[in-house]
Amino acid sequence: MNHKRILSLLLCFFLLCAGAAFAESETATESAPPAESASPAGSASPAGGITSIDELAGGTVGVQTGMICDTLTQQRVPNVKINYYNSQTDALIALQNGKVDGWCCDEPVARYMTLSHSDLVILDEKMADSELAAVFPKTDEGQKLRDQYSAFVDELWKDGTMKEIDALWFSTDEDKRTVFDYTALPDTNGTLQMAVDSTIPPFAFIKDGRVVGYDVDIAARFCQANGYRLEITQMTFDSVLAAVQTGKADFADSCITITDERKESMLFSSANYHGGIVMAVMKTRGGTAAVQEDTSFLGSIAASFEKTFIREDRWKLFTDGLLTTLLITVLSILCGTVLGFLVFMLCRNGNVIANAITRFCMWLVQGMPMVVLLMVLYYIVFGSVSISGIAVAVIGFTLTFGSSVFSLLRMGVGTIDQGQYEASYALGYSNRRTFFRIILPQAIPHILPAYKSEIVSLIKATAIVGYIAVQDLTKMGDIVRSRTYEAFFPLIAITVIYFLLEGLLILLINRILIRTNPRRRKKKSLLKGVNRHDPD
C-alpha cells in the first residue's frame, strides 16, 4: 500500500512539474522553421538583441567542457563569467532559457543549429579562426595511421568530395544525412577504434540507433578505402582526447580544434574543416522559445513524447541504457557484497596484516570521488588493457560497495553482546559455527536497513559512468537531448525510471528484511519445522 501511495505522489509531482514547465516556456524544437541561411554569419534582431561581442562584457557565456572556447572568451570579453556544460546541447538550451547571454562554440556547430532554430543568431565577428581535424596518438603506429589519414583527407579536398560531404551534413533534408553501414566493412587490414562525442551534431550524433555525422562519414570512407573495419566508442568530449593518449582508441574525431598545446601531446591529421570559433546569441536578449504549431499543454506533451521516444525509435536508446545501468548495478551489488563479506571474514579475528591492508584500501577508495576513481581505473590502471567501460565500472563500484558492506558487517556484528559468544563456546560450538549460526543471523537485521540505503546510493552513482565511455541511462538521455534540443521530457523520463529502479530493488530488500527479522515474520513462518503436538 505504501508503494502505491508513493507512486501516486510521484505521478502527481511529475504532472505538476510538466504543467509548470510547459506553462512557462518550451525550449526550441526540431519542428521549428529552418533558418533562412546556413551561413556562419548572421545579424541579430534590433529589438533588444545582442549585435556585437563587446556587448557581452560583464555577462555570462556558456561553453562546452574540454573545448578552447573558454580561453578565447576570457581573452576577448572583459569581466565575463564562464558557465561550463557537458554538451553543446546543454549550452544551447541554457542560452534559449536565458541562463547565459552568449554561447561560444565552433562555427559549424552553430551553423548547423541555425537550421532548426530560427531564433538563434551567429554574430558577424569571429572569436578566432580555427581548423578541425582527427587526432592520433604520438606513437609509431599513430604516426603511420595519421599520415595515411591525412593523405586521404587531402585527396577528398582535391577531388571535391569534401564539398559534397559538407553539403550533405549541412542540408535541411534530414533523410539525406546518412552513412553507409560501416560495421559491415571487412577487416582486411584490421579494425580501427574511433572515439567520438555523439552529442555534437552534425559531426557525430545518433540517428536510427547508429552513430553518424560529418566526421563519422569521413572516417567510414577512409576505412572503406584502406581495408579497415570501423568500431566507434562514444564518450564525453573531455574524455575523447584522453582515450587517444592512453591507447583506448586508435584515433578520435569529434569537432576537435587544432591547437599548439594539443599538438604537444598528440598528432593531428590534415584539417577536414576550415572554420572558426564564433559567438551565438538569441534574437531577443534573455532567451526566447521557438513558436510551436500546437501550444496547448496536451499538444506539447504529445509532441515531446513523440520526439523523445517514438521518432527514430529513440525508446531503444533508453532501453539499452536501462539494461546497462541494471547490469552494472546488479553485478556491483553481488560482487561488492561477496568482496565485503570475504574481507570481513579475513579481518574479524584481528589479523594485523589483513586489517592494516583493509584500512589502507578503504581509506584510498572511500576518500576518492567516484568519478575520479572510475577515470583512474579506466585511463591509468587499465590504460594499456583492452577492457570495456562496463567492466571497469563494475570493478570501481564493487570496490566502493564492498568497502561499505565491510563497514556494515563490522558495525552489525559489533552490536551483538559478547555473552553470545561465551554461551556458544560453552555449548561446544566452534568459532566459525558460532559466527554463522548465532552471531550473523542476529546481526543481519541491524545491517539490512543501512544496506538498503547503500543500494539506493549505488543506483544513483551509476549516472556518472558516461565519463568512461559507458552508454548508461543518463548518457542515453544526453544523446536524446542532443537530437531533440529539449531538456524537460528526457530528464523527467530518466528520473521516473530511476525512481522505479530504486523502488524495485528496495522492495526486494524489504522482502529479505521481513524473512530475516523474527518480529516481522508471521507466526506460521516462525514455527515452520517445529512439532507443536508433542505426544509427551
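Small disclaimer: the values here were computed from a predicted structure and weren't measured. (Residues numbered from 1 in each chain as written. Predicted model: local features only at pLDDT ≥ 70, side-chain atom pairs only at ≥ 80, totals over all residues. Heavy atoms only, no water.)

Draft legend 1. Region of interest: the pattern of salt bridges. Under the criterion given, the structure shown has 7 salt bridges. Between Asp-147 and Arg-146 there is a salt bridge, and its shortest N-O distance comes to 3.0 Å. Judged by relative accessible area, which is 40%, Asp-147 ranks as partly exposed. Residue Arg-221 pairs with Asp-217 through a salt bridge whose shortest N-O separation is 2.7 Å. Taken as a pair, Arg-221 and Asp-217 lie in helix 7 (residues 214-226) at a separation of 4 residues, close to a single helical turn. Overall, the relative accessible area of 27% leaves Arg-221 in the partly exposed class. Where salt bridges share partners, they join Asp-54, Arg-76 and Glu-125 into one cluster. (Salt bridge = Lys/Arg side-chain N within 4 Å of Asp/Glu carboxyl O. Buried < 20%, exposed > 50% of the residue type's maximum accessible area, 1.4 Å probe, protein only. Helix = DSSP H or I, 4+ residues; strand = E, 2+ residues; numbered from the N terminus.)

Draft legend 2. Molecular detail of a nonpolar patch on the surface. A cluster of nonpolar residues, Leu-339, Ile-395 and Leu-399, forms a patch on the protein surface that exposes about 180 Å² of accessible area. Residue Leu-399 is classed as partly exposed on the basis of its relative accessible area, which comes to 30%. (Patch = residues over 30% accessible without salt bridge, like charges linked within 9 Å, V, L, I, M, F, W, Y side chains within 5 Å. Areas by Shrake-Rupley, 256 points an atom, 1.4 Å probe, with all protein chains shown as cover.)

Draft legend 3. Region of interest: the sheet that holds strand 10 (residues 210-212). In spatial order, the strands read 8-9-10; together these 3 strands make up an open sheet with antiparallel pairing. Each of the sheet's edge strands pairs with one partner strand only, and the pair in question is strand 8 (199-200) and strand 10. (Pairing = 2+ DSSP bridges.)

Draft legend 4. A look at the pairing of strand 9 (residues 204-207). Of the two faces of strand 9, both are covered, the one formed by Ala-204 and Ile-206 as well as the one formed by Phe-205 and Lys-207. As judged from the 2 bridges shared by strand 8 and strand 9, these two strands associate in the antiparallel manner. Looking at the pairing, Ile-200 lines up with Ala-204 of strand 9. Once strand 8 ends, the chain turns through 3 residues before running back antiparallel as strand 9. Sheet topology note: the strand 9/strand 10 ladder contains 3 bridges and is antiparallel. Looking at strand 10, one finds that Phe-205 is bridged to Val-212. Counted along the chain from strand 9 to the antiparallel partner strand 10, the turn is 2 residues long, and its residue Asp-208 has a positive phi close to 55°.

Draft legend 5. Representation of unusual backbone geometry in the model. In this structure, Pro-202 follows Pro-201 across a cis peptide bond, with omega equal to 5°. When you line up the elements, Pro-202 lands in the loop between strand 8 and strand 9. Positioned with a positive phi, Asn-79 is a non-glycine residue whose angle comes to about 55°. Note on placement: Asn-79 falls in the loop between helix 2 (69-76) and strand 2 (81-85).

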